[in-house]
Amino acid sequence: MTYEFLQHYWWFLVSLLGAILVFMMFVQGGNSLIFSLGRTPEERRMLINSTGRKWELTFTTLVTFGGAFFASFPLFYSTSFGGAYWLWMIILFTFVLQAVSYEFQNKLGNFLGPKTFQWCLVVNGIVGPLLIGGAVATFFDGSNFIIEKANLMDGMQPIISKWANASNGLDALLDPWNLILGFAVFFLARVLGLLYYINNIKDDVIESRATVQLLGNAVTFLIFFLAFVIRTLLKDGYAWQPETGLIFMEPYKYLHNLLDMWYLLIVFVIGVVLVLYGIFRTVVSKTYVKGIWPAGIGVVLTVLVLLLIAGWNHTAYYPSNADVQSSLTIANSCSSEFTLRTMAIVSLLIPFVLAYIAYAWYSLDKKKIDKKEMTEGEVY
């Protein structure tokens, strides 16, 4: 395994974790629909217990995604998580708020009442996907930071990355294209949440309401998603020369990446087709309730390809709008060869972890949630 191979391998793993995280945000999407799908306390409790079985997996995936980024590409971690900390802190705060809301909404002594915590779940369901989508969009649209590696020799202030303004990441929300991807991720999460409810809850009323709302959310998602993808493929991208490390603007860079890596284009098309199949078969068939699976697999494949073309094929995956030469690539921001090689050995355990998650998921979902369960056993 060469150093270059390890860099590409770890960008693939980080991208895969990011793609799985986007799929797992069906929990947030479902939470944003608590009051539109659940008209009674009993119905809302069914919805909350449905996503309540999976929220730990989403939170764990988010933490693992951040940890993998820190270990394999530490300069990105210190630049983005350190410089744009207000953006990431708001995201993390809403996820912590989610955890607290699940655990305490029906506990004895909750003087705020269940509805207060249910609205906190709605806040997480809206803010979480929107800001994560906006943060991912900066991989294509850039952020305002400066890298000064010469500062490593400064014993008084050995900080090599700094934000170029006082917004500390909130300026990402001023770029309309970042917001467009943010809204695309938000409506995608709602689509996945609706598909998950249809598959996981045995209640004709909730299933009917979910099916009605599915088409509108799906169409809105497609409008935002296609707008962002088309614009990204037609815009100038941030390329770098391996020989010199020079970063420059290349017309149609991301389109060239898809055409040069034709196998990713095939995976991208398959992913989009699976998402559309899962959505529209659920809409047209009253008996089909498994749309979450083709749509979920399609989301993972589609997001994986988008993240790969942001970093592979000599592309700067975290561009700097303040100083283009400060842009981060998988070569100039990664860990040492020894670290990447050691972690690559540990990564061989990932299939076993995924197998355990699949088994746990199957065990939890062997019986669908219904009204009877709300009166028996432990519920949120």
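All values derive from a computational prediction rather than experimental measurement.

Criteria and thresholds
- Residues numbered from 1 in each chain as written.
- Predicted model: local features only at pLDDT ≥ 70, side-chain atom pairs only at ≥ 80, totals over all residues.
- Heavy atoms only, no water.
- Helix = DSSP H or I, 4+ residues; strand = E, 2+ residues; numbered from the N terminus.
- Polar contact = N/O pair within 3.5 Å; in protein donor to acceptor, adjacent residues only side chain to side chain.
- Contact = heavy atoms within 4.5 Å.
- Phe/Tyr/Trp six-rings, centres within 6.5 Å; stacked < 30°, edge-to-face > 60°.
- Buried < 20%, exposed > 50% of the residue type's maximum accessible area, 1.4 Å probe, protein only.
- Expected span 1.5 Å × (residues − 1).
- Arc of directions from axis to C-beta.
- pLDDT = per-residue confidence, 0-100.
- Axes fitted to C-alpha atoms, helices over the stretch in contact; angles between N-to-C directions.
- Parallel < 35°, antiparallel > 145°, perpendicular 65-115°, else oblique.
- Left-handed = near helix turned anticlockwise from the far one by under 90°.
- Nonpolar A, V, L, I, M, F, W, Y, C, P; charged D, E, K, R; others polar.
- Patch = residues over 30% accessible without salt bridge, like charges linked within 9 Å, V, L, I, M, F, W, Y side chains within 5 Å.
- Areas by Shrake-Rupley, 256 points an atom, 1.4 Å probe, with all protein chains shown as cover.
- Salt bridge = Lys/Arg side-chain N within 4 Å of Asp/Glu carboxyl O.

**A few points about the side chain of Asn-257**
Right, so step 1: Considering the arrangement of structural elements, one finds Asn-257 in helix α11 (residues 253-260).
Right, so step 2: Of note is the side chain of Asn-257, whose polar atom sits 2.7 Å from the side chain of Asn-313.
Right, so step 3: Aside from chain neighbours lying at most four places away, what touches Asn-257 is Ile-309, Trp-312, Asn-313 and Thr-315.

**A look at the packing of aromatic side chains**
Right, so step 1: Under the criterion given, the structure shown has 37 aromatic pairs.
Right, so step 2: Plain terms: the ring middles of Phe-23 and Phe-26 are 5.6 Å apart, the flat faces sit at 50° to each other, and that makes the pair tilted.
Right, so step 3: When its relative accessible area of 10% is taken as the criterion, Phe-23 is described as buried.
Right, so step 4: Each ring, one from Phe-76 and one from Phe-139, has its centre 5.7 Å from the other, and the planes form 80°; the classification is edge-to-face. You can see Phe-76 sitting in helix α6 (residues 74-83) and its partner Phe-139 sitting in helix α8 (residues 114-141), a full 63 residues away along the chain.
Right, so step 5: Since its relative accessible area comes to 2%, Phe-76 is described here as buried.

**Topic: the environment of Ser-72**
Right, so step 1: Assignment of secondary structure puts Ser-72 in helix α5 (residues 55-72).
Right, so step 2: Classification of Ser-72 as buried rests on a relative accessible area of 0%.
Right, so step 3: Taking the C-alpha atoms as reference points, Ser-72 and Cys-334, separated by 262 residues in sequence, lie 5.6 Å from one another.
Right, so step 4: When sequence neighbours within four positions are dropped, the list of residues in contact with Ser-72 reads Trp-10, Val-14, Ser-333, Cys-334, Ser-335, Leu-340 and Met-343.
Right, so step 5: From its side chain, Ser-72 meets the backbone oxygen of Ala-68 in a polar contact 2.5 Å long.

**A look at the side chain of Lys-253**
Right, so step 1: Inspection of the secondary structure assignment puts Lys-253 in helix α11.
Right, so step 2: Lys-253 sits in the buried class, given a relative accessible area of 4%.

**Considering helix α7 (residues 85-104)**
Right, so step 1: Taking 1.5 Å of rise per residue, 20 residues should cover 28 Å, and α7 covers 28 Å from first to last C-alpha, within 8% of that figure.
Right, so step 2: Among all positions of α7, only Leu-87, Trp-88, Ile-91, Thr-94, Phe-95, Gln-98, Ala-99, Ser-101 and Tyr-102 are buried. Taken end-on, α7 shows its buried residues confined to a sector of 165°, consistent with a single buried face.
Right, so step 3: Among the structural elements, α2 (26-31), α4 (41-52), α5, α6 and α8 are those in contact with the buried residues of α7.

**Quick word on the confidence of the model for the chain**
Caution is warranted with low-pLDDT regions, since their predicted coordinates should not be read in detail.
Right, so step 1: In the predicted model, the chain carries a mean pLDDT of 88, and 93% of its residues have values of at least 70.
Right, so step 2: Mean pLDDT across the secondary structure elements of the chain bottoms out at helix α15 (residues 350-364), with 79, and peaks at helix α13 (residues 292-311), with 96.

**Focus: unusual backbone geometry**
It is generally the case that most residues other than glycine have a negative phi and that most peptide bonds are trans.
Right, so step 1: A positive phi is found at Asn-313, a non-glycine position, where the angle reads about 60°.
Right, so step 2: Summarising the element assignment, Asn-313 is placed in the loop between α13 and α14 (337-346).
Right, so step 3: The backbone of His-314 sits at a positive phi, close to 55°, despite the residue not being glycine.
Right, so step 4: Considering the arrangement of structural elements, one finds His-314 in the loop between α13 and α14.
Right, so step 5: Classification of His-314 as partly exposed rests on a relative accessible area of 33%.

**Describing the packing of α7 against α8**
Right, so step 1: Close contact between α7 and α8 brings their axes to 8 Å; oriented N to C, the two are set at 150°. Judged by the angle between their axes, α7 and α8 are roughly antiparallel. Seen from above, α7 lies across α8 with left-handed handedness. For the pair α7 and α8, contact is made by Leu-87, Trp-88, Ile-90, Ile-91, Thr-94, Phe-95, Leu-97, Gln-98, Val-100, Ser-101, Tyr-102 and Phe-104 and by Phe-117, Cys-120, Leu-121, Asn-124, Val-127, Gly-128, Leu-131, Ile-132 and Ala-135, respectively.
Right, so step 2: When the residues that make up the contact of α7 with α8 are grouped by side-chain class, the tally is 16 nonpolar, five polar and no charged.

**Observations concerning a nonpolar patch on the surface**
Right, so step 1: Together, Tyr-85, Trp-86, Met-89, Ile-90, Leu-92 and Leu-170 make up an exposed nonpolar region whose accessible area comes to about 530 Å².
Right, so step 2: Tracing the backbone through its elements, the reader meets Tyr-85 in helix α7.

**Considering the pattern of salt bridges**
Right, so step 1: Counted by the stated rule, this structure contains four salt bridges.
Right, so step 2: Residue Glu-250 pairs with Lys-253 through a salt bridge whose shortest N-O separation is 4.0 Å. Comparing Glu-250 with Lys-253 shows no difference in burial state: the two are buried.

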